[in-house]
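For reference, the chains in residue letters:
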Amino acid sequence: MSHENSQHIVVVGTKPDIIKQAPIYHELRNRGHDVVLCHTGQHYDHNLSQSMLDEFGVREDINLEVRGGVNDLVSGITAKLALYLRGFAERGGFPITYVHGDTTTAMAGALATFGERQALVHVEAGLRTLSPKPEVLRGWLDQGADLDWASFREQSIDRNSWSKGSREPSPEQFNTRIADAGSDLHAAPVELNREFLIDEGFAPAAIDVVGNSVVDALAQAVAGSDKNQVLARFPQMGDGSFLRFCVHRRENTTNRDRFNLLMDAMESLLEQGHHVLFIRLLGTEAAIDNFGRRQWLEDLEARYGDALISTPVWDSYLDVVAAMSMCAVIVTDSGSIVEEANVLEVPCVTLRFGSDRSETFLAGSNFLAPPIDKALMTSVIHNVFEHRAELSWDRVYPEGASAMLVDAVERRLDEGSLLISEEWRYGLKAQLR
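Residues numbered from 1 in each chain as written. Predicted model: local features only at pLDDT ≥ 70, side-chain atom pairs only at ≥ 80, totals over all residues. Heavy atoms only, no water.

- Naming follows an unreviewed UniProt entry, where the protein appears as UDP-N-acetylglucosamine 2-epimerase (Non-hydrolysing) of Nocardioides alpinus.
- Database annotation for the protein, UniProt heading Sequence similarities (unreviewed entry): "Belongs to the UDP-N-acetylglucosamine 2-epimerase family." (UniProt positions renumbered as here; feature names shortened; annotations may be inferred.)

As structure tokens, this is what we get:
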């Protein structure tokens, strides 16, 4: 495999894919590589796909147009992408496929490349969830509304408070493990991800810690964003007091008890006098309707007026970033938003039982509010809000991630191949007769 006959296929399927893969796509192109952008069709609404492509200046070369449920997506993406990649190989080229993160697109993309025995680069590899040890979580639950902030914060940044083994977020934890199993280059964001991969038996030489390309995307977004555009729509955000509240994970939006608890917690925060920017994603909207919360939300909007901004997800990532940077605290069950909050220097609260971006717990920029007890959840969020001025942390994700990732790819190409073999793993390739 060489630089000359390699084709770099950057695969996207979801909004986070586009945001994080676009900088890698541009880095490859700027270095003169033959690059193709392949969209699987997993996200197809304008505000989740085309608006992101437009903002980041990328154009899809092919759209696989796969639709349906999880199994439909997996089978459709695997079959169509494999056929597409096979065409490159049949013409004498060497496809190098880039999949991102923990999406169904990443998992199915890994299946397609593995079946064709072609090279796979897993961008954002090694995402594994850390959750509180049982005794730690029980201690927090016992405190509930009387949470001791100092001890809670101290435990949050202590690695000994956390344990591995969670299957949530689901199916993301399944997806990322499958993608890693089929990868030739694990592009890990931080050392913690490398540690997880090595503990699971992956070859250390196949892992490069390259940061997270969300930093490159954010740099572009911050440079192009205009807070005044947000303030023209929502002038009340100018005082910097809003909590940005969003819930979209399947385990939260398909579980009636969890979703109702999360919504009740948001209402309690409003009752305490907090201001809330409630972002409704597709999963959120479905849960609101499925669990009979539409009228409740309309009543809440009427009751709290300007103190509650309730809105569908926005088209513009630039506006999203501008609004996030103006918020006091970001309250979310998203993994990508946790990363963005760390870089934007806005404290974050995760509405799950753990996080696959647990490096942000250890850095002190992110705190856990598990969806099991309303008093504990609201206490964590309120405490982070009250103590936000004293919070500080080093940025977890360094600048220049896309350049570091492409450097890692080019180094392997210079060495002869991206494909892992036992000879390569033992360093014996040069001795083959």
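### As for the sheet that holds strand β13 (residues 329-332)
Piece 1. The six strands are arranged β12-β11-β10-β13-β14-β15 in an open sheet whose pairing can be described as parallel. This sheet does not close on itself; its edge strands, each paired only once, are β12 (308-312) and β15 (366-368). Neighbouring strand axes in the sheet, compared pairwise and without regard to direction, differ in orientation by 20 degrees on average.
Piece 2. As defined by bridge partners, strand β10 (residues 242-246) adjoins β13 across four bridges and the pair is classed as parallel. Of the residues in β13, the one forming a bridge with L243 is V329.
Piece 3. The sheet contacts of helix α13 (residues 282-290) involve β11 (275-280) and β12, and relative to β11 the element is tilted by about 95 degrees. (Pairing = 2+ DSSP bridges. Helix = DSSP H or I, 4+ residues; strand = E, 2+ residues; numbered from the N terminus. Axes fitted to C-alpha atoms, helices over the stretch in contact; angles between N-to-C directions. Contact = heavy atoms within 4.5 Å.)

### As for the packing of aromatic side chains
Geometrically, a pair of aromatic rings is defined through the distance of the ring centres and the angle of the planes.
Piece 1. One pass over the structure, following the stated rule, counts ten aromatic pairs.
Piece 2. Between the aromatic rings of W149 and F152, the centroid separation amounts to 6.1 Å while the plane-to-plane angle is 40 degrees, which identifies the pairing as tilted. Taken together, the residues span about one helical turn, with W149 and F152 both in helix α6 (residues 149-156) at a distance of three residues. For the pair formed by W149 and F152, the shared burial category is buried.
Piece 3. Relative to F367, the ring of W149 lies with its centre 5.3 Å away and its plane at 50 degrees, an arrangement referred to as tilted. Placement of W149 in helix α6 and of F367 in strand β15 is noted, with a sequence separation of 218 residues between them. Each of the two residues, W149 as well as F367, counts as buried.
Piece 4. Here the aromatic residues W140, W149, F152, W162, F361 and F367 are joined through ring pairs into a cluster of three or more.
Piece 5. The ring centre of F88 lies 5.1 Å from the NZ or CZ of R91, which sits over that ring.
Piece 6. Looking at R293, its charged tip hangs above the ring of W296, at a distance of 4.5 Å from the centre. (Phe/Tyr/Trp six-rings, centres within 6.5 Å; stacked < 30°, edge-to-face > 60°. Buried < 20%, exposed > 50% of the residue type's maximum accessible area, 1.4 Å probe, protein only. Lys NZ or Arg CZ within 6 Å of the ring centre and 35° of its normal.)

### Examining the domain arrangement of the protein
Piece 1. For the protein, the assigned domains read domain 1 (3-128 + 166-211 + 398-426) and domain 2 (132-162 + 227-390).
Piece 2. The straight-line distance from the C-alpha centre of domain 1 to that of domain 2 is 30 Å.
Piece 3. Contact residues are listed per partner, giving 27 residues for domain 1 and 22 residues for domain 2.
Piece 4. Between domain 1 and domain 2 the total buried area reaches about 2000 Å² when both faces are included, carbon and sulfur atoms providing 46% of it.
Piece 5. Remark: the boundary between domain 1 and domain 2 carries seven salt bridges.
Piece 6. Between R249 and E172 there is a salt bridge whose closest N-O contact spans 2.9 Å. (Domains from an automatic or database assignment. Buried area = accessible area lost by both parts, 1.4 Å probe. Salt bridge = Lys/Arg side-chain N within 4 Å of Asp/Glu carboxyl O.)

### Thoughts on unusual backbone geometry
Piece 1. In this chain, E168 is followed by P169 through a cis amide linkage whose omega measures 0 degrees.
Piece 2. Backbone torsion omega between S170 and P171 reads 15 degrees, so that peptide bond is classified as cis.
Piece 3. Considering the arrangement of structural elements, one finds P171 in the loop between β7 (162-164) and α7 (172-181).
Piece 4. Non-glycine residue E124 carries a positive phi angle of around 70 degrees.
Piece 5. Among the structural elements, E124 can be located in the loop between β5 (119-123) and β6 (130-132).
Piece 6. E124 gets classed as buried once you look at its relative accessible area, which sits at 3%.
Piece 7. Phi is positive for E345, close to 65 degrees, though the residue is something other than glycine.
Piece 8. Mapping E345 onto the fold places it in the loop between α16 (335-344) and β14 (348-350).

### Brief notes about the nonpolar core
Piece 1. Membership of the largest hydrophobic core comes to 108 residues, with the highest contact counts inside it found for Y98 and F245.
Piece 2. It is helix α12 (residues 256-271) that contributes the most residues to this core, eight residues altogether.
Piece 3. By size, the runner-up hydrophobic cluster in this structure holds 19 residues, among which are V11, V36, C38 and A179. (Core = buried A, V, L, I, M, F, W, Y, C linked by side-chain atoms within 4.5 Å.)

### Regarding the sheet that holds strand β2 (residues 34-39)
Piece 1. Read across the open sheet, the seven strands follow the order β3-β2-β1-β4-β5-β8-β9; overall the sheet is parallel. A single partner strand is all that each edge strand has here, and the edge strands are β3 (62-63) and β9 (207-209).
Piece 2. Against the sheet, helix α4 (residues 104-116) touches β1 (6-12), β4 (94-100) and β5, its axis set at about 160 degrees to β4.

### What about empty space enclosed by the protein?
Piece 1. Counted according to the given criterion, the structure contains three cavities of 30 Å³ or more.
Piece 2. As a volume, the largest cavity reaches approximately 60 Å³.
Piece 3. If you go around the largest cavity, the residues you meet are I24, H100, V123, E124, A187, P189, V210, G211, N212, S213, A401 and L405.
Piece 4. Put simply, the second largest cavity is a space of about 40 Å³.
Piece 5. Shared between two domains, the lining of the second largest cavity takes at least three residues from each, and those domains are domain 1 (3-128 + 166-211 + 398-426) and domain 2 (132-162 + 227-390). (1 Å grid on protein atoms, 1.4 Å probe; cavity = no way out; pocket = protein on both sides within 12 Å on 5 of 7 lines; lining within 4 Å. Points joined across faces, edges and corners; volume = space filled by probe spheres on them.)

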